[in-house]
Amino acid sequence: DGGITQSPKYLFRKEGQNVTLSCEQNLNHDAMYWYRQDPGQGLRLIYYSQIVNDFQKGDIAEGYSVSREKKESFPLTVTSAQKNPTAFYLCASSRSGATGEQYFGPGTRLTVT
Amino acid sequence: QQPVQSPQAVILREGEDAVINCSSSKALYSVHWYRQKHGEAPVFLMILLKGGEQKGHDKISASFNEKKQQSSLYLTASQLSYSGTYFCGTRSGNAGNMLTFGGGTRLMVKP
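**Concerning the layout of surface pockets**
Considering only enclosed or pocket space, the largest pocket measures out at about 390 Å³ in volume. Around the largest pocket, the lining is made up of 18 residues, and of these Gln37, Pro39 and Gly40 of chain A together with His38 and Gly39 of chain B lie nearest the centre. Elements with a minimum of two residues in the lining of the largest pocket: β9 (87-94) of chain A together with β9 (84-92) of chain B. Partitioned by chemical class, the residues of the lining of the largest pocket number 4 nonpolar, 9 polar and 5 charged. Roughly 260 Å³ of volume is contained in the second largest pocket. Contributing to the lining of the second largest pocket are 13 residues, with Gly40 and Gln41 of chain A together with Gln8, Gly103 and Gly104 of chain B lying nearest its centre. Contributing elements (two or more residues each) for the lining of the second largest pocket: β5 (43-51) of chain A together with β1 (4-6) of chain B. Across the lining of the second largest pocket, the residue classes break down as 2 nonpolar, 8 polar and 3 charged.

Printed below as a string of structure tokens:
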């Protein structure tokens, strides 16, 4: 079955620690995205990548970093510089071109205390 | 700037209809609609493209007024399974693949 996987589903960290969230897709999509969702809010774009080895900052990139070494994988690192990291993180992918719908992974709920 | 959705929340009885609106201050190339159940990932419903093309769900319809940069999602004869939060994602002509999402409309369908 084709799809997007994110792991883990729940993640707990102490303040000051970096943490990496995994995102893998087997849909052969060129474009991948990371969104952050806070309770009762919409989705805000953190980073996106339209091709391997290339990525761009979204609206709220500060305190986050990404890599795109393989087409299938787009991991997100939440660094200690992110002031309010507790949130629901969603990864998505789409075909290239402006008409491709985005397919979302199941999300990772990160709690930092 | 994110699109504005209205209403923010709506409660329906099974079988009733609802309309959810999405307005943008930017010229739009396409509008995408998603539904999200609590704690789950958003699921694609519909895409409306500049020029009138649509792709999406059989039982849900939508419109896209390019001149007004507005889209409306029409939910007819609502079912319990329609409950969730609906998001519109808008794509401007120069934004490549990126979507900007609205704040969401919470829909609850009661028996």
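**Brief notes about the state of the cysteines**
Overall, the coordinates contain 2 disulfides over all chains when judged by the stated rule. Paired through a disulfide, Cys23 of chain A and Cys91 of chain A show a sulfur-sulfur distance of 1.9 Å. Taking the sign of the S-S torsion, about -70° here, the bridge from Cys23 of chain A to Cys91 of chain A comes out left-handed. With a gap of 68 residues between them, Cys23 of chain A in strand β3 (residues 19-25) and Cys91 of chain A in strand β9 connect regions that are remote in the sequence. Of the two residues examined, Cys23 of chain A and Cys91 of chain A, each falls in the buried class. Disulfide partner of Cys22 of chain B: Cys88 of chain B, at an S-S distance of 2.0 Å. Taking the sign of the torsion about the S-S bond as the criterion, the disulfide between Cys22 of chain B and Cys88 of chain B, at about 75°, is right-handed. Placement of the pair is Cys22 of chain B in strand β3 (residues 18-23) and Cys88 of chain B in strand β9, with a sequence separation of 66 residues.

**Focus: the packing of aromatic side chains**
If you walk through the whole model with that rule in mind, you get 9 aromatic pairs over all chains. Ring centres of Tyr35 of chain A and Phe101 of chain B lie 5.4 Å apart, and the angle between their planes is 85°; on these two criteria the pair is classed as edge-to-face. Residue Tyr35 of chain A is found in strand β4 (residues 31-37), and its partner Phe101 of chain B is found in strand β10 (residues 100-101); the two belong to separate chains. The exposure classification of Tyr35 of chain A matches that of Phe101 of chain B, with both residues buried.

**Looking at the pairing of β5 of chain A**
Residue and element names in this part refer to chain A. The pairing of β4 with β5 spans 6 bridges and is antiparallel. Bridge pairing links Trp34 to Tyr47 in β5. Remark: 5 residues form the turn of the hairpin made by β4 and β5, two consecutive strands paired antiparallel; Gly40 in that turn has positive phi of roughly 70°. Note that β5 and strand β6 (residues 54-57) share 3 bridges and pair antiparallel. By the bridge assignment for β6, Tyr47 is matched with Lys57. Hairpin connection between β5 and β6: a loop of 2 residues separates the two successive antiparallel strands, and Asn53 in this loop has a positive phi of roughly 65°.

**Some words on the pairing of β3 of chain A**
Residue and element names in this part refer to chain A. Every second residue of β3 is oriented toward a common face, the buried set being Val19, Leu21, Cys23 and Gln25 and the non-buried set Thr20, Ser22 and Glu24. Both strand β1 (residues 4-7) and β3 contribute to a ladder of 4 bridges, which runs antiparallel. Bridge pairing links Ile4 to Gln25 in β3. The sheet contact formed by β3 and strand β8 (residues 76-78) spans 3 bridges and is antiparallel. Following the sheet pairing, Thr20 is matched in β8 by Thr77.

Criteria and thresholds
Residues numbered from 1 in each chain as written. Chains lettered and ligands numbered in written order. Predicted model: local features only at pLDDT ≥ 70, side-chain atom pairs only at ≥ 80, totals over all residues. Heavy atoms only, no water. 1 Å grid on protein atoms, 1.4 Å probe; cavity = no way out; pocket = protein on both sides within 12 Å on 5 of 7 lines; lining within 4 Å. Points joined across faces, edges and corners; volume = space filled by probe spheres on them. Helix = DSSP H or I, 4+ residues; strand = E, 2+ residues; numbered from the N terminus. Nonpolar A, V, L, I, M, F, W, Y, C, P; charged D, E, K, R; others polar. Disulfide = S-S within 2.5 Å. Buried < 20%, exposed > 50% of the residue type's maximum accessible area, 1.4 Å probe, protein only. Phe/Tyr/Trp six-rings, centres within 6.5 Å; stacked < 30°, edge-to-face > 60°. Pairing = 2+ DSSP bridges.

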